[in-house]
Amino acid sequence: MAAPEIHLRTETKEFEQRSALTPSAAKTLIGKGWKVYVERDDEKTYETGKRVFADKEFEEVGCELVPNNSYRSAPPSRPILGLKELLPIPPPSASTYPLSHTHITFAHCYKRQGGWSDVLNRWVSGKGMLYDLEFLVHPNGRRVAAFGFWAGWVGAAVGVLGVGESKVREEGWGR
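Presented here is a report on the structure given in the accompanying data block. (Residues numbered from 1 in each chain as written. Predicted model: local features only at pLDDT ≥ 70, side-chain atom pairs only at ≥ 80, totals over all residues. Heavy atoms only, no water.)

Details of the overall build of the protein chain
Within the protein chain one finds 4 helices and 6 strands. Helices (α) and strands (β) of the protein chain occur, in sequence order from the N terminus, as β-α-β-α-β-β-β-α-β-α. When burial is assessed residue by residue, the protein chain has 30% of its 175 residues classed as buried. Pairs at least 24 apart in sequence give 69% of the contacts found in the protein chain among residues at least 6 apart. As presented, the protein chain carries roughly 10,700 Å² of accessible surface, and 60% of it is formed by carbon and sulfur atoms. (Helix = DSSP H or I, 4+ residues; strand = E, 2+ residues; numbered from the N terminus. Buried < 20%, exposed > 50% of the residue type's maximum accessible area, 1.4 Å probe, protein only. Contact = heavy atoms within 4.5 Å. Areas by Shrake-Rupley, 256 points an atom, 1.4 Å probe, with all protein chains shown as cover.)

Some remarks on the packing of aromatic side chains
Inspection of the entire model under this criterion finds 1 aromatic pair. Taken together, a centroid distance of 6.0 Å and an interplanar angle of 85 degrees make the contact between Phe 53 and Phe 58 edge-to-face. Looking at Arg 78, its charged tip hangs above the ring of Tyr 37, at a distance of 3.5 Å from the centre. (Phe/Tyr/Trp six-rings, centres within 6.5 Å; stacked < 30°, edge-to-face > 60°. Lys NZ or Arg CZ within 6 Å of the ring centre and 35° of its normal.)

Here's the deal with the nonpolar core
In this structure, Ile 6, Leu 8, Leu 21, Ala 26, Val 36, Val 38, Phe 53, Phe 58, Cys 63, Leu 65 and Leu 81 together form the largest nonpolar core, which totals 11 residues. The set of elements that each furnish at least two residues to this core consists of strand S1 (5–8) and strand S2 (35–39). Filtering out sequence-adjacent residues up to four positions away, Phe 53 remains in contact with Ser 19, Leu 21, Thr 22, Pro 23 and Phe 58. (Core = buried A, V, L, I, M, F, W, Y, C linked by side-chain atoms within 4.5 Å.)

Here's the deal with the sheet that holds strand S4 (residues 80–81)
In spatial order, the strands read S3-S2-S1-S4-S5-S6; together these 6 strands make up an open sheet with parallel pairing. Edge positions in the open sheet fall to strand S3 (64–66) and strand S6 (129–132), since each of these has one partner strand only. As defined by bridge partners, S1 adjoins S4 across 2 bridges and the pair is classed as parallel. Among the inter-strand pairings, His 7 is bridged to a residue of S4, identified as Ile 80. (Pairing = 2+ DSSP bridges.)

Re the side chain of Glu 11
Mapped onto the elements of the fold, Glu 11 is located in the loop between S1 and helix H1 (23–31). Since its relative accessible area comes to 5%, Glu 11 is described here as buried. Looking at Glu 11, its side chain comes within polar contact range of the main-chain nitrogen of Leu 83, at 2.7 Å. (Polar contact = N/O pair within 3.5 Å; in protein donor to acceptor, adjacent residues only side chain to side chain.)

Details of the pattern of salt bridges
Applying the stated criterion across every chain yields a total of 5 salt bridges. For Glu 11, the salt bridge is made with Arg 9, and the minimal N-O distance between the two is 3.9 Å. Considered together, Glu 11 and Arg 9 belong to a single accessibility category, that of buried residues. In this structure, the salt-bridge partner of Glu 64 is Lys 35, at a minimum N-O distance of 3.1 Å. Highlighted residues: Glu 64 in strand S3 and Lys 35 in strand S2, separated in sequence by 29 residues. Judged by its relative accessible area of 33%, Glu 64 is partly exposed. (Salt bridge = Lys/Arg side-chain N within 4 Å of Asp/Glu carboxyl O.)

Observations concerning the pairing of S6
Where strand S5 (residues 102–105) and S6 come together, 4 bridges link them in parallel fashion. Among the inter-strand pairings, His 103 is bridged to a residue of S6, identified as Leu 130. Taking the sense of rotation as the criterion, the β-α-β connection linking S5, helix H3 (residues 116–126) and S6 turns out right-handed. (Right-handed = clockwise from strand over helix to strand, strands pointing away.)

Overview of the side chain of Asp 55
The residue Asp 55 is located in helix H2 (residues 55–60) in this model. At 2.9 Å, the side chain of Asp 55 forms a polar contact with the backbone nitrogen of Asp 41. A distance of 2.7 Å separates a polar atom in the side chain of Asp 55 from a polar atom in the side chain of Arg 51.

Written as structure tokens, this is what we have:
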């Protein structure tokens, strides 16, 4: 019987450094017979979302490093793990290509956020499966993967930083 597999994809949101899997959790999975694939992320910078853990940390615990954003070409049986929205590649159908894999991610559909039905239709059209982390609930009905009060404040601060950065780039503010 083949070992169970999982593929940690690169996060693509600006300023995003979180990782859906830590090297220590990957080591635990590997110790239990899993094959863990991790997309390379070291060529990125903080502004484009460099993962908090270096590629080397995953490699040292036995993960197999694969090219950045290679999840689309992974075997269909391999689940794809990530946190934020999927990278819109390739044009022209950047954000609408069908999703044929099983994805474990925040799809931003729980509260019927803008475009939620289009997002879900990507899995329907690709015959993939979505395990949306926002729908994980404790038996008492409380969401398991919800973010608290400070997440909103941090999101607002990152938004302000992003607007400031774009003004610097576009209009030369601060030069």
